[in-house]
Every structure is written in C-alpha cells, then in structure tokens.
Amino acid sequence: MNHLIAERYHDISCGHRVYQHESKCAHLHGHNYRIHFSVAPDVGLDAIGRVLDFSVIKFQLCMWLEDNWDHKFLVWEMDPWSTILKTLDERGVVITPFNPTAENMAQHLAEVVGPDLLAGFNCHLTAVRIEETRKCSASYLTGRTL
Ligand SMILES: [Zn+2]
C-alpha cells in the first residue's frame, strides 16, 4: 500500500547536557538542531489534494519548538545538576522527563508533543528526525502510517 506524507523542518539553537555520556556531550554545550516532522493524513488527502497545509506544521509544531526549546537549555530531571542549573536560569533551563539525547527528544516530540498539537487537523506524525549536527541524526518512527 502506498502512503503520502508531508514534511517540514525547523532549525533551533538549543543547549543540553547528556547525563552519564562518556565524553563531550556530558559537558554543558549546545547544537544547531534541525528537526524534521513527517505527517500523514488520518483518512486521506483533503479536498484539494493535501495531507495538510504546510503552515499547520509551521504554526503548530515549529512554533512549539520556538516557544519551548529554542535558545533554552535541556536537562534531565534525574540529572543531579538539574536543580542548580534551574536556579541559575529559571526561564532558560527546561527540565525534561528524559535524558536529552537526539533520540529521546525525537520520541518526546513524536509521542507527547505532536499528538496534542495536531489534534483536530485530521493528520498525525509518522516520524520525527533530529539532526544534532549535519552529519548525525536520530529518527523516531511512530509506527503509524495511514
Ligand atoms: Zn550534544
């Protein structure tokens, strides 16, 4: 069976520290993330032949990134540094329920953030891909197509 998806990406700058990472990513640092959203229709294309208007991805998903992660610092709630970092920059530090690897960030967007933001638009995420650098990315596939 064939499937159609619509895709859009968004770029953000974001800090993180990966707790218990073996090398560089254990430090406080950041990346210029490129985050790709792949969306499929719930029941088929709309009357003029779209999965959805690309602006829906922009105003729902990309704006969520702008509001919540862009120019913020992600730190895991189980990271022993989380409390002190939050004290240093209360609005700039985002405590996450996951260790902020690209993989976990992609899963959170696909399974927690996306379903909420796309409710009512007759579509759903099939994948979220996060480029941590231009050479390295992680993809989370929701397992849902049509
Ligand atoms: Zn990193």
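This structure is a prediction, so every number in the text was calculated from the model and none was measured.

> Talk me through the pattern of salt bridges; I want residue IDs and the actual numbers.
Enumeration over the complete set of coordinates arrives at 6 salt bridges. Note that Arg50 and Asp53 form a salt bridge whose closest N and O atoms lie 2.9 Å from each other. You can call Arg50 partly exposed: its relative accessible area is 31%. The partly exposed category is assigned to Asp53, whose relative accessible area is 33%. One continuous salt-bridge network, built from bridges that share partners, spans Asp46, Arg50 and Asp53.

> Would you mind going over a nonpolar patch on the surface in detail, with residue names and values included?
Together, Leu28, Trp81, Ile84 and Leu88 give the surface a local cluster of nonpolar side chains, amounting to about 440 Å² of exposed area. Since its relative accessible area comes to 66%, Leu88 is described here as exposed.

> Hey, could you go over the packing of aromatic side chains for me, with residue numbers and the actual values?
Enumeration over the complete set of coordinates arrives at 3 aromatic pairs. Consider the rings of Tyr19 and Trp76, whose centres lie 6.0 Å apart with planes at 55 degrees: the pair is tilted. With Tyr19 in the loop between β1 (6-16) and β2 (29-41) and Trp76 in strand β3 (residues 73-76), this residue pair connects regions lying 57 residues apart in the sequence. Judged by its relative accessible area of 22%, Tyr19 falls in the partly exposed class. Overall, Trp76 belongs to the partly exposed group, its relative accessible area being 22%. Put simply, the rings of Trp64, Trp69 and Phe98 touch in pairs and so form one group of aromatic residues.

> Outline the side chain of Asn99, supporting the account with residue identities and numerical values.
For Asn99, the location among the structural elements is in the loop between β4 (93-96) and α3 (102-118). Classification of Asn99 by relative accessible area gives buried; the value is 13%. Within the structure, the side chain of Asn99 is placed 3.0 Å from the backbone nitrogen of Tyr19, a separation counted as a polar contact. Ignoring any residue separated from it by four or fewer positions in sequence, one finds Asn99 in contact with Arg17, Val18, Tyr19, Trp76 and Asn104.

> How would you sum up the coordination of the zinc ion? Please name residues and give values.
With distances of 2.0 to 2.5 Å, the protein atoms coordinating the zinc ion are His16 (NE2), Cys25 (SG), His29 (NE2) and His31 (NE2). The site at the zinc ion holds 4 donor atoms, and with the angles between them running 92 to 134 degrees, its shape is tetrahedral. Read in sequence order, the donor residues for the zinc ion give the motif H-x8-C-x3-H-x1-H. One exposure class covers both Cys25 and His31, and it is buried.

> Give me the pairing of strand β5 (residues 123-131): which residues, what numbers.
Burial within β5 is extensive, with 8 of its 9 residues counted as buried. Inspection of the sheet shows β5 paired to strand β6 (residues 137-141) by 5 bridges, in the antiparallel sense. Paired with Ile130 across the two strands is Ala138, which belongs to β6. Taken together, β5 and the strand that follows it, β6, pair antiparallel across an intervening segment of 5 residues.

> Residues and numbers for unusual backbone geometry, please.
One non-glycine residue with positive phi stands out, namely Gln20, at about 70 degrees. Within the secondary structure, Gln20 sits in the loop between β1 and β2. Given a relative accessible area of 63%, Gln20 falls into the exposed group. Phi angles above zero are rare outside glycine, and His71 is one such case at about 55 degrees. As for its position among the elements, His71 is in the loop between α1 (54-68) and β3. The exposure class assigned to His71 is exposed, which follows from its relative accessible area of 63%.

About the thresholds
Residues numbered from 1 in each chain as written. Predicted model: local features only at pLDDT ≥ 70, side-chain atom pairs only at ≥ 80, totals over all residues. Heavy atoms only, no water. Salt bridge = Lys/Arg side-chain N within 4 Å of Asp/Glu carboxyl O. Buried < 20%, exposed > 50% of the residue type's maximum accessible area, 1.4 Å probe, protein only. Patch = residues over 30% accessible without salt bridge, like charges linked within 9 Å, V, L, I, M, F, W, Y side chains within 5 Å. Areas by Shrake-Rupley, 256 points an atom, 1.4 Å probe, with all protein chains shown as cover. Phe/Tyr/Trp six-rings, centres within 6.5 Å; stacked < 30°, edge-to-face > 60°. Helix = DSSP H or I, 4+ residues; strand = E, 2+ residues; numbered from the N terminus. Polar contact = N/O pair within 3.5 Å; in protein donor to acceptor, adjacent residues only side chain to side chain. Contact = heavy atoms within 4.5 Å. Donors = N, O, S within 2.8 Å, 3.2 Å for Na, K, Ca; no water. Tetrahedral: all angles 85-135°; square planar, octahedral: opposite > 155°, others 65-115°. Pairing = 2+ DSSP bridges.

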